[in-house]
Amino acid sequence: MRELFPNSVSLHEPSALVAPGPERPGWQEVKIAERPKTLNEILHKLHFESNNTIHPNGRINGGLDENGNQIAHFISPYAEQFWQNVEVGIQPVVRALKSKRYLTYSSCMGHSLSSRRYVGIAFADEEARERFCKPLEQAKIPGVVIRRLDKAANQIGDVTETGEAKLVKEVPEYAKTVVSFNYAFGREYEDYCFVELIICKEFPKGEPLYLALRHPILYGPDFWRKLLRWDRLTKRVAATIRSDSVPKYRY
C-alpha cells in the first residue's frame, strides 16, 4: 500500500470591499471568510487547519454541542499543529505510536478517576491490527484493554458558509468517514478497522471511590491504578510499543 500525502491547499480568506469603491472616504478593504468550494478544501480545513481548545483544566477539545456533549476536531497526525491537540498525559503513547508509523485518530488522557485514558488507532486490515494487538496483550500490562472495532467515527465535521469548521455529535455515513480518514492520513484504503488502546477502563457515572468499595473486584484494581500508577502504566505501554516486540506499521 503506497503512502500518499494531501496536496497543499490554500484557504486564504478572499478580500472584499465593504462599499462600491475604495475611493469613498472612510471605506476600507476587509477580509471576509468564505466556505471552501471543493471536498479537498473542506477536508484540508477540517483536518489540517482546525484546532481544539486547551482548557485550564488540561482538557483539549472543541467544546460542547447543544446537548452538553464534548466534541473534538480530528486533527491529522501529519498536521503541523498536531501536538497542540494531544493531551500531555497520553503523549508518551501517541509519540511511541508515531515512531512506529501508526495512525491515531483520537486520544484522551482521562481527567477524573471515572474516565479512561486511551488512544484510537486505525489500520488497513485485520492482519496489521493483530500484529499490533498481540504483543501488547502478551505483555499483560495491568489495566490495559485492547478493544477491536470494525467501525469508528470520531466527529462528523463540516465548514460553514463563513469558513468556520463546525462539529456535530453524530455518526456520519461510514463511506464518507473512509474518505475523511484517507485524506487525513494521506492513504487510499478501501476500508478501515480500528483499535482503542485503553489504559484503565471507564467507570459508570457516579462516585469512583464508592464504586471501588462497592464492587472491589470490578472497579477496585483500576481505581487504585488510576490513583497511584496511571502515568507509570502509560510509560510502560509506550515502552512496549517502542520495543522490538511491536512491529512498525508497514502500510
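In this report, we go over the structure that sits alongside the text. (Residues numbered from 1 in each chain as written. Predicted model: local features only at pLDDT ≥ 70, side-chain atom pairs only at ≥ 80, totals over all residues. Heavy atoms only, no water.)

Secondary structure summary: the protein contains 7 helices and 10 strands in total. Sequence-distant contacts in the protein: of pairs separated by 6 or more residues, those separated by 24 or more amount to 67%. (Helix = DSSP H or I, 4+ residues; strand = E, 2+ residues; numbered from the N terminus. Contact = heavy atoms within 4.5 Å.)

Right, let's talk about the pairing of strand β6 (residues 117-123) for a bit. Burial within β6 is extensive, with 7 of its 7 residues counted as buried. What you see with β6 is no split at all: Arg-117, Val-119, Ile-121 and Phe-123 on one side and Tyr-118, Gly-120 and Ala-122 on the other are buried throughout. Strand direction decides the pairing type here: strand β5 (residues 103-108) and β6, joined by 5 bridges, are antiparallel. Note on β6: the bridge partner recorded for Leu-103 is Ala-122. Pairing analysis gives 7 bridges linking β6 to strand β10 (residues 193-199), with the strands arranged antiparallel. Bridge pairing in β10 places Val-119 opposite Leu-197. (Buried < 20%, exposed > 50% of the residue type's maximum accessible area, 1.4 Å probe, protein only. Pairing = 2+ DSSP bridges.)

Mapped onto the secondary structure, Gly-186 falls in the loop between α4 (174-185) and β10. For Gly-186, a relative accessible area of 3% translates into the label buried. The spatial distance from the C-alpha of Gly-186 to the C-alpha of Pro-77 is 10.0 Å, given a sequence separation of 109 residues.

Let's shift gears to unusual backbone geometry. Positioned with a positive phi, Arg-101 is a non-glycine residue whose angle comes to about 75°. Relative to the helices and strands, Arg-101 is located in the loop between α2 (91-99) and β5. Even without a glycine there, the phi angle at Cys-200 is positive, about 75°. Counting through the fold element by element, Cys-200 comes out in the loop between β10 and α5 (208-214). Relative accessible area serves as the criterion here: at 0%, Cys-200 is assigned to the buried category.

In this structure, Val-93, Phe-132 and Leu-197 are the most contacted members of the largest nonpolar core, which totals 50 residues. Residues in contact with Val-93, not counting those within four places in the same chain, are Val-119, Leu-197, Ile-199, Thr-234, Val-237, Ala-238 and Ile-241. By size, the runner-up hydrophobic cluster in this structure holds 5 residues, among which are Phe-203, Leu-211, Ala-212 and Tyr-219. (Core = buried A, V, L, I, M, F, W, Y, C linked by side-chain atoms within 4.5 Å.)

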